[in-house]
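# Report on the structure
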Amino acid sequence: TVQYMLQFGHASISAGVYMATLEICWAPSGGSGGSLQVPIRYEVVGIPHLSNLNGSVVDWGVVPVGEEVERGLDIENVGTGDAQLLFGSLDEPFSGPIGEVVVEAGGKGRVAFRCKPLNAGTWRVDAWLSMRSSRPGIGEETVYYIHLICQGGDIPRLSTDHFSGVLLIAPGSLPLHLSPSVPAQWESQVTSAVEGATTVTATLVAATNHDPYGCS
């Protein structure tokens, strides 16, 4: 018995299933020769690779206490094989993908993380995900880390301490003072949710009904 090492394919071959035929010929001394054809099937499996993911930052900015805000993270697989992703669990106030996510070779995916602060403060955590080929036993497992940053801010309250209020006069009814203080939520581009006090200039509009919160 004699064993021979056979090599198929080449360095630039793409992933896929290939069929070939190996022909074996022999010519023994003192007799007639012969040949034999052997069908060969071989598969080239691609390796996944995620681009520019390790060290990515997902920053929520300021999130009002008690509210949940979602942020997305784009993932691109520039490898030649499908990537199977498994995300680690996260502590409050963060939450993220559950179970496995598959990003096809040459494709893109998007995963969502959420932040829901229950009190004021700043949270920073490194979320991890492991990537391996969708084909068992192919390639090595790779771990990536993603930085999550979320700041919880109290919802500010609009107060008119030195304002006498608006006197609402409706036909056939007694004069009614509107409430001098009403809840207000401000966009982060207008005021900072973490400042102790912020001065704003606003126009008060008196409503035409008896709603004590008729000013906005």
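Here is what the cut-offs are and how they apply
Residues numbered from 1 in each chain as written. Predicted model: local features only at pLDDT ≥ 70, side-chain atom pairs only at ≥ 80, totals over all residues. Heavy atoms only, no water. Disulfide = S-S within 2.5 Å. Helix = DSSP H or I, 4+ residues; strand = E, 2+ residues; numbered from the N terminus. Buried < 20%, exposed > 50% of the residue type's maximum accessible area, 1.4 Å probe, protein only. Pairing = 2+ DSSP bridges. Axes fitted to C-alpha atoms, helices over the stretch in contact; angles between N-to-C directions. Salt bridge = Lys/Arg side-chain N within 4 Å of Asp/Glu carboxyl O. pLDDT = per-residue confidence, 0-100. Contact = heavy atoms within 4.5 Å. Core = buried A, V, L, I, M, F, W, Y, C linked by side-chain atoms within 4.5 Å. Phe/Tyr/Trp six-rings, centres within 6.5 Å; stacked < 30°, edge-to-face > 60°.

### A closer look at the state of the cysteines
For the coordinates displayed, the defined rule picks out one disulfide. There is a disulfide in this structure between Cys115 and Cys150, and the S-S distance comes to 2.0 Å. Judged by the sign of its S-S torsion, about -85°, the cystine formed by Cys115 and Cys150 is left-handed. Within this pair, whereas Cys115 is found in strand β8 (residues 108–115), its partner Cys150 is found in strand β10 (residues 142–153), the two being separated by 35 residues in sequence. According to the relative accessible area criterion, Cys115 is buried, its value standing at 0%. The class for Cys150 is buried, based on a relative accessible area of 1%.

### A closer look at the sheet that holds strand β6 (residues 94–95)
Taken together, the three strands give an open sheet; going across it, the order is β4-β8-β6, and neighbouring strands pair in antiparallel fashion. A single partner strand is all that each edge strand has here, and the edge strands are β4 (69–76) and β6. Here two bridges tie β6 to β8, and the two strands are oriented antiparallel to one another. Considered in β8, the bridge of Ser95 is made with Arg114.

### Regarding the sheet that holds strand β9 (residues 121–133)
Taken in spatial order, the five strands make up an open sheet running β3-β10-β9-β5-β7, and their pairing is mixed. Because the sheet does not close on itself, it has two edges, and the strands there are β3 (56–64) and β7 (100–103). Within the sheet, the average angular offset between the axes of one strand and its neighbour, ignoring direction, is 25°. Relative to β10, β9 runs antiparallel, the two sharing eleven bridges. By the bridge assignment, Thr122 is partnered in β10 with Gln151.

### A closer look at the pattern of salt bridges
Counted by the stated rule, this structure contains four salt bridges. Salt-bridge contacts for Glu70 lead to Arg114; the nearest nitrogen and oxygen are separated by 3.7 Å. Here Glu70 is found in strand β4, whereas its partner Arg114 is found in strand β8, with 44 residues between them in sequence. With a shortest N-O distance of 3.1 Å, Glu100 and Arg132 are connected by a salt bridge. Of this pair, Glu100 sits in strand β7 while Arg132 sits in strand β9, placing them 32 residues apart in sequence. Here the salt bridges do not stand alone but share partners, grouping Glu100, Arg132 and Glu141 into one network.

### Considering the pairing of β9
Pairing analysis gives five bridges linking strand β5 (residues 83–87) to β9, with the strands arranged antiparallel. Residue pairing for β9: Gln84 is matched across the bridge by Arg132.

### Side note on the confidence of the model for the chain
Across the chain, the average pLDDT comes to 75, with 66% of residues at 70 or higher. Long-range and interchain partners of residues 181–194, a stretch whose pLDDT sits below 50, account for 26 contacts in this model, where long-range means more than four residues apart.

### Focus: the nonpolar core
Most often, soluble globular proteins have nonpolar side chains that are buried together. Of all hydrophobic cores here, the largest spans 22 residues; its most connected members are Leu50, Trp60, Leu85 and Phe113. At the level of elements, β3, β4, β5, β8, β9 and β10 are the ones that each hand at least two residues to this core. Broken down by element, the residue count for this core peaks at four residues, all from β10.

### Digging into the environment of Pro64
Relative to the helices and strands, Pro64 is located in strand β3. Assessed through its relative accessible area of 25%, Pro64 is described here as partly exposed. For the pair Pro64 and Gly153, spaced 89 residues apart in sequence, the C-alpha separation works out to 4.9 Å.

### What about the packing of aromatic side chains?
For the coordinates displayed, the defined rule picks out two aromatic pairs. Summarising the aromatic geometry, the rings of Trp60 and Phe94 are spaced 5.5 Å apart at their centres and angled 50° between planes, so their arrangement reads as tilted. Of this pair, Trp60 sits in strand β3 while Phe94 sits in strand β6; the two residues are 34 residues apart in sequence, bridging distant segments of the chain. By relative accessible area, which is 4% here, Trp60 ends up buried. With 6.2 Å between their ring centres and 75° between their planes, Phe87 and Phe113 make a pair best called edge-to-face. Residue Phe87 is located in strand β5, and its partner Phe113 is located in strand β8; the two are separated by 26 residues in the primary sequence.

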